[in-house]
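# Commentary on secondary and tertiary structure
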Amino acid sequence: METFVIRGGRRLEGTVTIDGAKNAILPILAACLLTDKEIVIGAVPELRDVYTIAEVLESLGVRVRTDLPGSLTVQADDVDRYAAPHDLVRRMRASFLVMGPLLTRFGQARIPLPGGCAIGSRPIDLHLKGFEAMGATVAVEQGYISATSRGRLHGNRIYLDIPSVGATENLMMAAVLAEGVTVIENAAEEPEVVDLANFLGSMGAQVHGAGTRVVRIDGVDQLGGTRYVAIPDRIEAGTFMVAAAISQGDVVVSNVIIDHLKPVVAKLREMGVEITEDSTSVRVTATGRPYPVDVKTLPYPGFPTDMQAQVMALLTVSSGTSVVTETVFENRFMHVDELCRMGAHIGVEGRSAIVRGVSVLSGAPVIATDLRAGAALVLAGLAAVGETELNGIQHIDRGYVHFERKLAGLGADIVRRQDALRGVAE
Ligand code: UD1
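Residues numbered from 1 in each chain as written. Predicted model: local features only at pLDDT ≥ 70, side-chain atom pairs only at ≥ 80, totals over all residues. Heavy atoms only, no water.

So, about the side chain of Lys-267. Turning to its location among the elements, Lys-267 is positioned in helix 9 (residues 262-270). Note on Lys-267: relative accessible area 15%, which makes it buried. The contacts of Lys-267, once residues within four sequence positions are left out, are Val-293, Asp-294, Val-295 and Phe-303. (Helix = DSSP H or I, 4+ residues; strand = E, 2+ residues; numbered from the N terminus. Buried < 20%, exposed > 50% of the residue type's maximum accessible area, 1.4 Å probe, protein only. Contact = heavy atoms within 4.5 Å.)

What follows is the structure in structure tokens.
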């Protein structure tokens, strides 16, 4: 087992470069199943989740090569299995994104039911209802979901009860090779959905309206190969912006798309953090404690749920009381108890957390329960007096490339340590 050991109190300064967006790359890699032609993808972050989806593809017979650092060459010209392995899907729910491409190209897909996970039950009913509306037969048997279609899927009008990112992506991928027109209403508007649509367009798909509530897809007979570079990771960028703010530092966060950061920029400015925008970077400067603010997570362009824990870490040291309301996922407050172990004052009432700012946090042994909770605890550790030892950092490795190295490059005192004793005990 590995841990991060952080000694707080350093002011972060310098420039950090953001990697490609994990949540854009995952559906893009799944979409490589839609053609037998070669695809080259750039700006691929070296992350555990990316390796997992690559393994899922390989398990189906797809060839995945790393010809150049930071790029993947993918060719699905020899797919001979249509069932994803259980251990991989359990490791990462987003593996379920291969269902739409497999079903629409090969007429069959068999994926283990993704189990519950740390941040709520996260059902997949909207994906399945959409596949059925397109003519697939869906059955749940022996822990697997199998979907089959006789002949091509057909386009239909699909209304999503919730603007689910994953359902929008899965259905969009299914629709590009379906017969006729598919309209997805109440679609997710996240930048990663738009990036997937742009990627599909570069393969020859006809996707219109991505980034709005209504996406229209005109099915085509086949798709071609392409070369594509994914967007930068807005959540990684937001996390480093909070790192700058919580350490009262002065950091340039480069390789960003400013538009994607709007909700985070607006909140940080409300807290008194100074943000200067350049064409592809933001400079974040903070002095003194942040002002308290209320935050409510919402689908894009609202405040991202994937930034809720990090912003809460910042609010724990604000000069007053803030209310953080989580509306996207149930049970996404697992970082609260750990932040309290570090001296934060937070009370949870239903879907809201009441955060009373304290003047100082103190380092403590804490545990990361999920990816963003882990990031939040690192941020809290940067501001805390004394040493924070963070366990469960495998969660952080799922979504942040060299997190500790990038922070150390800005002057943070953080090291990755092999926890030999715990390793023996387990
Ligand atoms: C994606 C992101 C994740 C982010 C989330 C919300 C990836 C790989 N992950 O997850 O980091 O936190 O968007 O921005 O891109 N729901 C249903 N039925 C469904 C599907 C979803 O009820 O069939 C509900 C979920 O339980 C949740 C809400 O819809 O409450 C939003 O989930 P969704 O947008 O689907 O999130 P993911 O695509 O899983």
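Along the chain, the position of Thr-73 falls in strand 5 (residues 72-75). For Thr-73, a relative accessible area of 5% gives the class buried. In terms of polar contacts, Thr-73 uses its side chain to reach the side chain of Asp-67, at 3.1 Å. Those residues within four positions of Thr-73 in sequence are excluded, and the remaining contacts are Glu-38, Ile-39, Val-40, Arg-63, Val-64, Arg-65 and Asp-67. (Polar contact = N/O pair within 3.5 Å; in protein donor to acceptor, adjacent residues only side chain to side chain.)

Looking now at the sheet that holds strand 4 (residues 63-65). Here we have 4 strands laid out as an open sheet, ordered 4-5-3-13, and mixed in their pairing. In the strand order of this sheet, the two ends are held by strand 4 and strand 13 (226-229), each with one partner. Taken over all neighbouring pairs, the strand axes of this sheet differ in orientation by 15° on average, direction set aside. Strand direction decides the pairing type here: strand 3 (residues 38-42) and strand 5, joined by 4 bridges, are antiparallel. Its bridge partner lying in strand 5, Glu-38 is registered against Gln-75. On the sheet, helix 7 (residues 191-202) packs against strand 3 and strand 13 and is oriented at approximately 160° with respect to strand 13. (Pairing = 2+ DSSP bridges. Axes fitted to C-alpha atoms, helices over the stretch in contact; angles between N-to-C directions.)

Neighbouring the ligand are 17 residues, the closest being Asp-125, Ser-164, Val-165, Asp-306 and Val-328. Here Asn-23 contributes a side-chain N or O atom positioned 3.0 Å from an oxygen atom of the ligand. The backbone of Val-165 places a nitrogen or oxygen atom 2.8 Å from an oxygen atom of the ligand. When isolated, the ligand has an accessible area of 740 Å², and the protein chains bury 83% of it. Of all the secondary structure elements, the ones that give two or more residues to the shell around the ligand are helix 5 (125-133) and helix 6 (165-176). Its residues assigned to classes, the shell around the ligand comprises 8 nonpolar, 5 polar and 4 charged. (Near = heavy atom within 4 Å. Areas by Shrake-Rupley, 256 points an atom, 1.4 Å probe, with all protein chains shown as cover. Nonpolar A, V, L, I, M, F, W, Y, C, P; charged D, E, K, R; others polar.)

Within the structure shown, the criterion is met by 1 cavity of 30 Å³ or more. Counted as a void, the largest cavity has a volume near 40 Å³. Grouping the constituent residues of the lining of the largest cavity by class yields 6 nonpolar, 2 polar and 2 charged. (1 Å grid on protein atoms, 1.4 Å probe; cavity = no way out; pocket = protein on both sides within 12 Å on 5 of 7 lines; lining within 4 Å. Points joined across faces, edges and corners; volume = space filled by probe spheres on them.)

What follows concerns the pairing of strand 12 (residues 214-218). Across 5 bridges, strand 10 (residues 181-185) lies against strand 12 in antiparallel orientation. Within the sheet, the bridge partner assigned to Glu-185 lies in strand 12 and is Val-214.

What is expected of a backbone is that most residues other than glycine have negative phi and most peptide bonds are trans. A cis amide bond links Tyr-300 to the next residue, Pro-301, at an omega of 10°. Mapped onto the elements, Pro-301 comes out in the loop between strand 17 (295-296) and helix 10 (308-315). A positive phi angle, near 50°, is found at Gln-248, a position not held by glycine. Residue placement: Gln-248 occurs in the loop between helix 8 (234-246) and strand 14 (250-254). Of the residues examined, Gln-248 reaches a relative accessible area of 33% and is grouped as partly exposed. The backbone of Asn-331 shows a phi angle near 60°, a positive value even though the residue is not glycine.

On to the packing of aromatic side chains. This structure, assessed with the given rule, holds 4 aromatic pairs. Considering the side-chain rings of Phe-240 and Phe-403, the 5.7 Å spacing of their centres and the 80° angle between planes classify their relative orientation as edge-to-face. Linking Phe-240 in helix 8 with Phe-403 in helix 14 (residues 403-409), this pair joins segments that are 163 residues apart in sequence. The exposure class assigned to Phe-403 is buried, which follows from its relative accessible area of 1%. An aromatic cluster of at least three residues, connected via ring pairs, comprises Phe-240, Tyr-400 and Phe-403. Over the ring of Tyr-144 we find Arg-110, and its NZ or CZ is 4.1 Å from the ring centre. (Phe/Tyr/Trp six-rings, centres within 6.5 Å; stacked < 30°, edge-to-face > 60°. Lys NZ or Arg CZ within 6 Å of the ring centre and 35° of its normal.)

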